[in-house]
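As a plain string of letters, each chain reads:
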Amino acid sequence: QVQLVESGGGSVQAGGSLTLSCQTFGYYYSSQSSQCMGWFRQAPGKEREGVATTYRGSGSTYYADSVKGRFTISRDNAKDTLYLQMNSLKPEDTATYYCAASWVTSCRVGPPRLIDYNRWGQGTQVTVSS
């Protein structure tokens, strides 16, 4: 099975920055890489929401309105690693962040659908204090 291993979470003051990383081990379809990878987040009592996703083929990206201009998603296909650079962090960004991968071709069109992402990381906590 494909495994996603995350790192980079932590605690930061408002206005600060963090960078999350997600390493992919293994492949869902023999040696085929995922079509899309993305970051999702969930705060206590809130629904899980898509933060940013990227499509392997074209490099196209999707960002939630709440993070546009502050977060940047990138993917190193050679290393099967996903990154999320988070700048100008706000207390509202506090949540558990999940890395996810999709092998469904429709994932290239945003906004992301949770059902299209069938492999998930364990989650990493991001806490932003005011």
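Higher on the page you've got the structure.
What counts as what
- Residues numbered from 1 in each chain as written.
- Predicted model: local features only at pLDDT ≥ 70, side-chain atom pairs only at ≥ 80, totals over all residues.
- Heavy atoms only, no water.
- Disulfide = S-S within 2.5 Å.
- Helix = DSSP H or I, 4+ residues; strand = E, 2+ residues; numbered from the N terminus.
- Buried < 20%, exposed > 50% of the residue type's maximum accessible area, 1.4 Å probe, protein only.
- Salt bridge = Lys/Arg side-chain N within 4 Å of Asp/Glu carboxyl O.
- Phe/Tyr/Trp six-rings, centres within 6.5 Å; stacked < 30°, edge-to-face > 60°.
- Contact = heavy atoms within 4.5 Å.
- Core = buried A, V, L, I, M, F, W, Y, C linked by side-chain atoms within 4.5 Å.
- Pairing = 2+ DSSP bridges.

Draft legend 1. How the structure looks around the state of the cysteines. Scanning the model with the defined rule gives two disulfides in all. Note on cysteine connectivity: Cys-36 is disulfide-linked to Cys-107, with sulfurs 2.0 Å apart. As the torsion about the S-S bond is roughly 85°, the Cys-36-Cys-107 disulfide counts as right-handed. With a gap of 71 residues between them, Cys-36 in strand E4 (residues 36-42) and Cys-107 in the loop between strand E9 (95-102) and strand E10 (119-120) connect regions that are remote in the sequence. The burial state of Cys-36 is the same as that of Cys-107; both residues are buried.

Draft legend 2. Seen up close, the pattern of salt bridges. Scanning the model with the defined rule gives five salt bridges in all. Of the charged contacts, one joins Asp-93 and Arg-41 as a salt bridge, the two residues approaching to 2.9 Å between their closest N and O atoms. You can see Asp-93 sitting in the loop between strand E8 (81-86) and E9 and its partner Arg-41 sitting in strand E4, a full 52 residues away along the chain. Asp-93 gets classed as buried once you look at its relative accessible area, which sits at 1%. When salt bridges that share partners are traced, they join Arg-41, Glu-49, Arg-70 and Asp-93 into one network.

Draft legend 3. Here's a closer look at the packing of aromatic side chains. This model, assessed by the stated rule, comprises three aromatic pairs. Ring centres of Phe-40 and Tyr-117 lie 5.1 Å apart, and the angle between their planes is 70°; on these two criteria the pair is classed as edge-to-face. In this pair, Phe-40 is assigned in strand E4 and Tyr-117 in the loop between E9 and E10, connecting sequence segments 77 residues apart. Tyr-117 carries the same exposure label as Phe-40, and that label is buried.

Draft legend 4. Here's a closer look at the environment of Phe-25. Along the chain, the position of Phe-25 falls in strand E3 (residues 18-25). A residue is classified by how much of its surface remains accessible, and Phe-25, at 43% relative accessible area, is partly exposed. Along the primary structure Phe-25 and Lys-68 are separated by 43 residues, whereas in three dimensions their C-alpha atoms are 29 Å apart. Setting aside its immediate chain neighbours within four residues, Phe-25 contacts Gln-1, Val-2, Gln-3 and Val-5.

Draft legend 5. Here's a closer look at the environment of Gln-35. Along the chain, the position of Gln-35 falls in the loop between E3 and E4. In the structure, Gln-35 is positioned 66 residues away from Ala-101 in sequence and 7.7 Å away in space, judged by C-alpha atoms.

Draft legend 6. The nonpolar core, seen in detail. Trp-39, Val-51, Phe-71, Leu-84, Met-86 and Tyr-97 are the most contacted members of the largest nonpolar core, which has 26 residues in total. Sorting the residues of this core by element identifies E3, E4, strand E5 (49-55), strand E7 (71-76), E8, E9 and strand E11 (124-129) as the ones contributing at least two each.

Draft legend 7. Structural view of the pairing of E9. By the criterion of burial, E9 is predominantly enclosed, with eight of the eight residues buried. Bridge count for E4 against E9 is seven bridges, and the pairing is antiparallel. Each residue of the ladder has a partner; that of Met-37, found in E9, is Ala-101. Here E9 pairs with E11 via three bridges, running antiparallel. Counterpart to Thr-96 in the pairing with E11 is Gln-125. Pairing geometry for E9 and E10, over two bridges, is antiparallel. Bridging from a neighbouring strand, Ala-101 pairs with Arg-119 of E10.

In short, geometric facts, not functional conclusions.
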